[in-house]
Amino acid sequence: MPVVSLTHTYVAGLQARPPSDRIEVWDERTPGLCLRIGPNGNGAWSFRYRPKSGKGYQRITLGRLADLTLADARERAARHRVAVADGGDPQLELKARQSAAESVLTFDALAQRYLDEYAKPNKASWKNDEGYLRRPRAAWGKRAAASITRRDAILLLDGIKKTAPISANRCQTVLVTLFNWAVEDQHLEVNPIAGLKKRAKETAKDRVLTDAELRVLWHALGGQGATRDVGDALRFLLLVGQRPGEVAGLVRAELHDLDKPEAARWEIPAARMKARRTHAVPLAPKAVEILQSAIERRQADGDGQRVFASRFVARDSLARHSLSQAVRRVIASLEVDGPDQDAVASLQAEPPTPHDFRRTVATGLGRLGIPREDRKAVLAHVEDDVHARHYDQYERLKEKRAALDTWANHVSAVVEARV
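Residues numbered from 1 in each chain as written. Predicted model: local features only at pLDDT ≥ 70, side-chain atom pairs only at ≥ 80, totals over all residues. Heavy atoms only, no water.

S.K.: Tell me what's going on with the pattern of salt bridges, and back it up with residues and numbers.
M.R.: Going through the model one piece at a time under the given rule, you end up with 28 salt bridges. In this structure, Lys 55 and Asp 89 form a salt bridge, with 2.9 Å as the shortest nitrogen-oxygen distance. Of this pair, Lys 55 sits in the loop between strand E4 (43-49) and strand E5 (58-64) while Asp 89 sits in the loop between helix H2 (70-85) and helix H3 (90-104), and the two are 34 residues apart along the sequence. The salt bridge involving Asp 211 is made with Arg 367; its shortest N-O contact spans 3.3 Å. One end of the pair, Asp 211, is in helix H9 (residues 211-220); the other, Arg 367, is in helix H15 (residues 354-367), with 156 residues separating them in the sequence. Here the salt bridges do not stand alone but share partners, grouping Arg 228, Asp 229, Asp 232, Arg 297 and Arg 298 into one network. (Salt bridge = Lys/Arg side-chain N within 4 Å of Asp/Glu carboxyl O. Helix = DSSP H or I, 4+ residues; strand = E, 2+ residues; numbered from the N terminus.)

Dropping the structure here:
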């Protein structure tokens, strides 16, 4: 029973040159963490502990070596160590959950547990998951979750596909995530749709605004009255390139040093970021101008926190779908005559979405010669590697500011150009 300070290289070596008999290797760095590996190279992580109740040593399986990295296994073991220190018994609790799940776990209950225990804590887009689960919950809600078959899923998804092919694919993605989570937490034995091909074919989205289209939309978004805030939010999105939901949910507490051109920035909290990492976005003067105008309107209305107001007073910020609706409405109202008639025609023939605005910024930065690393930093695209685990929201802040200043200057030149 060797005790080793495990490393990724050591574990990979065991897989490449498996032992002649099954062995157990214990991690020196994480007491209780054990790797069992056999002659075929297959292995499993487990955690051994002694509960405070006085029982002898207990062991709980953490997952297969093929599914969990050393870092993942250490993280799970650490969570169990905390639970044991607080008087918990992970193995006993697991058996209780399995027993309860076998007797009462309906699909509706499983879906709600997935949302509460996984989606909400881990996904900024959890409301999308909730929406895509409505059809499955309506169809299977009262059935035992373990009774859902592959054929059930195919029939449901093909029904959605008839009117909304892309939604069928998104629904399938959420179901796969839900069932994988349920298997990992041992609510279910298997994922009934593992490996199921997407029900509808999709082509990669590559819609990017031309400079002429950008100019047309920028001027069309400069509305007044109730539409002013939505238009400003979309203009702001065209300058910063962040996700539409992040722009719609902007509140004043996230803004810093707007009166200092060299330091003005928007700090998006981890809870609102897809990657669950705080992200700092430097703000060019043109972006600050939009924000200050919106804030002045809020102050005049006695509204303290919101930046872009919703017409629904009860909301703290704009709804994400308000941006999509505004883009469709503005494009539909464009006049086809005039110097930019070709751009208007292309906008109406292939209407962009707010997410296409983000893609336009990314593509535009590349066209302006901004290095790939800086473009990724602006968009908060962080690689999932050991360096990403130590991501600093202020990393490459100077480079991000230079990139967004360059893009804002380009937008100014485009929208002010005479046609």
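S.K.: Mind laying out the packing of aromatic side chains, listing which residues take part and the relevant values?
M.R.: Scanning the entire structure with this criterion turns up seven aromatic pairs. Relative to Trp 266, the ring of Phe 236 lies with its centre 5.6 Å away and its plane at 50°, an arrangement referred to as tilted. With Phe 236 in helix H10 (residues 228-240) and Trp 266 in strand E7 (residues 265-268), this pair connects stretches of sequence that are 30 residues apart. Residue classification places Phe 236 among the buried positions, given a relative accessible area of 0%. Considering the side-chain rings of Phe 236 and Phe 308, the 6.0 Å spacing of their centres and the 50° angle between planes classify their relative orientation as tilted. Taken as a pair, Phe 236 in helix H10 and Phe 308 in the loop between helix H12 (285-300) and helix H13 (320-332) lie far apart in primary sequence, 72 residues in all. Within the aromatic cluster, the residues linked to one another by ring pairs are Phe 107, Trp 140 and Phe 179. Note that Arg 48 overlies the ring of Tyr 57, its terminal NZ or CZ placed 4.3 Å from the centroid. One residue, Lys 120, lies across the ring of Trp 126, its end atom 4.9 Å from the ring centre. (Phe/Tyr/Trp six-rings, centres within 6.5 Å; stacked < 30°, edge-to-face > 60°. Buried < 20%, exposed > 50% of the residue type's maximum accessible area, 1.4 Å probe, protein only. Lys NZ or Arg CZ within 6 Å of the ring centre and 35° of its normal.)

No statement about biological role is implied by the geometric values presented.
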